[in-house]
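Single-letter residue listing:
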Amino acid sequence: MAPVTIGVAGAGRIGSAHAAALARLSEVERVLVADVDADRAAKLAADLGVEAVADVTALLASDLTGLVVATPTDTHPELVTRAVDEGVPVLCEKPLAADLAGTLSLLTRLEQREVPVQVGFQRRFDAGYRAARAAVADGRLGRVHSLRATTLDPAPPPADYLPHSGGIFRDCGVHDFDALRWVSGREVVEVYARGANRGDAIFAACDDVDTAHVVLALDDDSLATVALTRYNGAGYDVRLEVLGSHGNVVVGLDGRTPLHSAEPGVPGPDRPHANFLDRFADAYAEELACFVRAATGQGPVLCPPRDALEAFYIAEACALSRRAGRPVAVAEVRVAD
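An account of the accompanying structure is given in this report. A quick note: this is a predicted structure, and the numbers were derived from the prediction, not measured. Sequence order as written defines the numbering, with residues in each chain counted from 1. Where local features are concerned, this predicted model is filtered to residues with pLDDT of at least 70; where side-chain atom pairs are given and counted, the filter is 80 or more; whole-chain, interface and lining totals use all residues. With hydrogens and water excluded, all non-hydrogen atoms of the structure serve as input to the side-chain values.

### Details of the sheet that holds strand β11 (residues 237-244)
Think of a sheet as strands paired side by side through backbone hydrogen bonds, with each pair either parallel or antiparallel. In this analysis, strands are considered paired if DSSP registers two or more bridges between them. Strands here are runs of E lasting at least two residues and helices are runs of H or I lasting at least four, both read from the DSSP assignment and numbered beginning at the N terminus. Overall, mixed pairing links the 7 strands, which are arranged β12-β11-β7-β10-β9-β8-β13 in an open sheet. Every interior strand has two partners, whereas the edge strands, β12 (248-251) and β13 (328-329), have only one. Pairing of strand β9 (residues 211-218) with strand β10 (residues 223-229) involves 7 bridges; the strand directions are antiparallel. Bridge assignment links A212 to a residue of β10, and that residue is L228. This element, helix α7 (residues 168-184), spans β7 (144-152), β8 (188-196), β9, β10 and β11 of the sheet and lies at about 150° to β10. The sheet strands contacting helix α11 (residues 305-324) are β8, β9 and β13, and the helix crosses β8 at an angle near 50°. Should any heavy atoms of two residues lie within 4.5 Å, those residues are considered in contact. The axes used here are C-alpha line fits, helices contributing only the stretch in contact, and every angle between their N-to-C directions lies in the interval 0 to 180 degrees.

Structure, rendered in structure tokens:
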């Protein structure tokens, strides 16, 4: 087999983490990085002992086994299309595109090609989420009646990121929406979302909110909730509780979960996770390993673009629900394609 060469487009926070994880994979011989800021790419390459190239054009001309797209959202469709048109498998950080129309257009293009494309929903590769999915599938929880998900960031992202983020549901909650579908094996049919702004004025200026709660109805009449905030000072807190008639499981409940009991004598958490890269380091590594297997024909794509579209539909329904102040059926935002 030819040497495995993986390119990373984007040398920002997530691109740097991906490049570092790829450099640790024994099956990857070469890691190449490119960024619009050539100096940033060169510094990252020097720090990791990998290679920097001038730009994405040079990256795609480097006989890649696969490409990891970790650039700003508005560049995703072009980069994914260019790679796939050249027969290069892609792992694209979510979302595939900034809006629904762009996502559907890209999906149409991708489905005309037989090139593996994986979307970066890393929670599918986390040991806890996988164990919860298995517990639901094998019936040990009995009839699942409730799911409760949280994504609570300790602090907001940079202010200049927010106008291009797509809002809290598309940027943050979409991970929970994908996890709910994947773990439960059910589809979301209706949502009711509320949001609030009690933090920085930049959120309201972007027609966004800094805190949101969603009630979701699934297609088997089970119920789910998703709680989101940009201001969880106790630490990064991502959990999923799956509650059934016979038992329950909780993802993300361990000695680092940033919860403080009001009961006397109960110890607090030890070193709460600082951010998503800290919490999901192992999941990102497994996600990349699975992508390399898919890119080399050694395994399936475990998060295909169609699944990303379904999570995006839920996020769209939540955004509409928040604006309209009413429940919204997911079918209301779905586009026939």
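### Notes on the packing of aromatic side chains
Any two rings among Phe, Tyr and Trp, with Trp reduced to its six-membered ring, count as a pair given centres within 6.5 Å; such a pair is stacked if its planes are under 30 degrees apart, edge-to-face if over 60, and tilted if neither. As enumerated under the stated definition, the model contains 2 aromatic pairs in all. Between F276 and Y284, the ring centres sit 6.4 Å apart and the planes meet at 65°, which makes this aromatic pair edge-to-face. For each residue, the accessible area found with a 1.4 Å probe, counting protein chains only, is set against the maximum for its type, and the residue is called buried under 20%, exposed over 50%, and partly exposed in between. Looking at Y284, the relative accessible area reads 7%, which means it is buried.

### Structural notes on the sheet that holds strand β5 (residues 90-93)
Spatial ordering of the open sheet is given by β3-β2-β1-β4-β5-β6, a layout of 6 strands whose pairing is parallel. Since the sheet does not close on itself, it has two edges, and those belong to β3 (51-52) and β6 (117-120), each with one partner. Across 3 bridges, the pairing between strand β4 (residues 66-69) and β5 is parallel. Across the sheet, the residue bridging to V68 is L91, located in β5.

### Describing a nonpolar patch on the surface
Patches here: salt-bridge-free residues with over 30% relative accessible area, like charges joined within 9 Å, nonpolar side chains (Val, Leu, Ile, Met, Phe, Trp, Tyr) joined within 5 Å. Shrake-Rupley sampling with a 1.4 Å probe provides the accessible areas, and residues are treated as covered by the protein chains on show and by no other component. Salt bridges are counted wherever a side-chain nitrogen of Lys or Arg sits within 4 Å of a carboxyl oxygen of Asp or Glu. Taken together, the side chains of V250, L253 and L259 define a hydrophobic patch exposed on the protein surface, amounting to about 250 Å² of accessible area. Here V250 is to be found in strand β12.

### Quick word on the pattern of salt bridges
Evaluation of the coordinates by the stated rule reveals 29 salt bridges. In this structure, R148 engages E241 in a salt bridge whose closest nitrogen and oxygen atoms are separated by 2.6 Å. With R148 in strand β7 and E241 in strand β11, the pair connects residues that are 93 residues apart, well separated along the chain. Taking relative accessible area as the criterion, R148 reaches 41% and is therefore assigned partly exposed.

### Brief notes about the side chain of R279
Structurally, the position occupied by R279 is in helix α9 (residues 276-279). Relative accessible area serves as the criterion here: at 14%, R279 is assigned to the buried category. Ignoring any residue separated from it by four or fewer positions in sequence, one finds R279 in contact with D126, Y129, Y236, V238, V251, G252 and H273.

### Overview of α11
Multiplying one less than the number of residues by 1.5 Å gives the expected span of a helix. In this model α11 runs 28 Å from its N-terminal to its C-terminal C-alpha over 20 residues, within 8% of the 28 Å that 1.5 Å per residue would give. Burial of α11 is extensive: 15 of the 20 residues sit out of reach of the surface.

### Some points on the side chain of H273
Relative to the elements of secondary structure, H273 occurs in the loop between β12 and α9. In the analysis that follows, any N or O atom pair within 3.5 Å is treated as a polar contact, provided that within protein one partner can donate a hydrogen and the other can accept it, and provided that, for residues neighboring in sequence, both atoms belong to side chains. There is a polar contact of 3.4 Å between the side chain of H273 and the side chain of D278. When neighbours within four sequence positions are excluded, H273 is seen to be in contact with G235, Y236, R256, D278 and R279.

### Let's talk about the state of the cysteines
Sulfur atoms of two cysteines make up a disulfide when they are within 2.5 Å. If you walk through the whole model with that rule in mind, you get 0 disulfides. With no disulfide of its own, C92 lies closest to C303 among cysteine sulfurs, the gap being 11 Å. By relative accessible area, C92 is classed as buried at 0%. Accessibility expressed as a relative area gives 0% for C303, which makes it buried.

### Remarks on the environment of Y161
Assignment of secondary structure puts Y161 in the loop between β7 and α7. Given a relative accessible area of 35%, Y161 falls into the partly exposed group. Separated by 157 residues in the primary sequence, Y161 and V4 have C-alpha atoms spaced 33 Å apart. Within the local environment of Y161, its side chain forms a polar contact with the side chain of D171, the two groups lying 2.4 Å apart.

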